Amino acid sequence: MYVVKSPLSDENLKTVSEALQGALVDLVDLSLVSKQIHWNVVGQRFRSVHLQLDEVVTLARTHADTVAERAAALGVSPDGRAATVAVGSGIGVTPEGWVDDTVAVGALADALGAVIARMRERVGATGEADPVSQDLLIAVTADLEKQHWMFQAENG
Ligand SMILES: [Fe+2]
């Protein structure tokens, strides 16, 4: 069912909808993984890591909303259901139980790195198809890369 008419051609819309849907799934999972580790981190750096993880949660939730609503604006139904996220996320397995702060920081750096690699592919794929969506994905990637820097620096 198409309720909203897209300004894009069918071919460009396919490219862009795949990029936005993929970004949505990665960002929802990043918010979940960051909360999981926020709750489970232990160690001497508990306080700073605990708080920084919530910065990532906020960032991921905000950007998930932005990319989902961009898809809707193009006439594509966004799918942020748990089952969809579980199947499609690019983030690897998150440690179970309490997580030592060094392991926690490393897990976030790895998760961010995985998402960033996929976001950069999406930036490349959407440039010609829809520069407006590409612009959103560039902004998302810039924020993720800033967090990636900080988590790497934490364990440097
Ligand atoms: Fe909290």
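Our structure is the block above this text.
Every value quoted in this text rests on a predicted model; they were computed, and no experiment measured them. Residue numbers restart at each chain and count upward from 1, following the sequence in its written direction. Reporting of local features is limited, given that this is a predicted model, to residues whose pLDDT is at least 70; pairs of side-chain atoms are given and counted only at 80 or more, and all residues count toward the totals for whole chains, interfaces and linings. Side-chain descriptors were evaluated using all non-hydrogen atoms of the structure, hydrogens and water having been removed beforehand.

Draft legend 1. Highlighting helix 4 (residues 101–126). Helix numbering and strand numbering both begin at the N terminus, where a helix is a DSSP run of H or I of at least 4 residues and a strand a DSSP run of E of at least 2. One less than the residue count of a helix, multiplied by 1.5 Å, gives the span that helix is expected to have. With 26 residues, helix 4 should reach 38 Å at 1.5 Å per residue; the first-to-last C-alpha distance of 37 Å fits that figure. Any pair of N or O atoms that falls within 3.5 Å is considered a polar contact. Within protein, one atom must be able to donate a hydrogen and the other to accept it, and sequence-neighbouring residues count only if both atoms are side-chain atoms. The opening residue of helix 4, the one whose side-chain oxygen lies 3.0 Å from the backbone nitrogen of Thr102, is Asp100.

Draft legend 2. Here's a closer look at the packing of helix 4 against helix 5 (residues 131–154). Closest axis-to-axis distance for the helix 4/helix 5 pair is 9 Å, and the angle between their directions is 160°. Between helix 4 and helix 5, the interaxial angle falls into the category roughly antiparallel. For the element pair helix 4 and helix 5, the recorded crossing hand is left-handed. Here an angle of 0 to 180 degrees is reported between the N-to-C directions of two axes, which are lines fitted to C-alpha atoms, with helices fitted over the stretch in contact. To sort the angles, those under 35 degrees are grouped as roughly parallel, those over 145 as roughly antiparallel, those from 65 to 115 as roughly perpendicular, and the leftovers as oblique. Crossing chirality is assigned from the near helix's rotation relative to the far helix, an anticlockwise turn below a right angle marking it left-handed and a clockwise turn marking it right-handed.

Draft legend 3. Layout of the pattern of salt bridges. In the sections that follow, a salt bridge refers to a side-chain nitrogen of Lys or Arg positioned within 4 Å of a carboxyl oxygen of Asp or Glu. For the structure on display, the rule yields nine salt bridges. The partner of Lys14 in a salt bridge is Glu18, and the shortest N-O contact between them spans 2.9 Å. One end of the pair is Lys14 and the other is Glu18, both in helix 1 (residues 10–40) and four residues apart, which spans about a single turn. For Lys14, a relative accessible area of 53% puts it in the exposed group. Relative accessibility thresholds used throughout: buried, under 20% of the residue-type maximum; exposed, over 50%; partly exposed, between the two (1.4 Å probe, protein chains only).

Interpretation note: all reported values are geometric properties and have no functional meaning in isolation.
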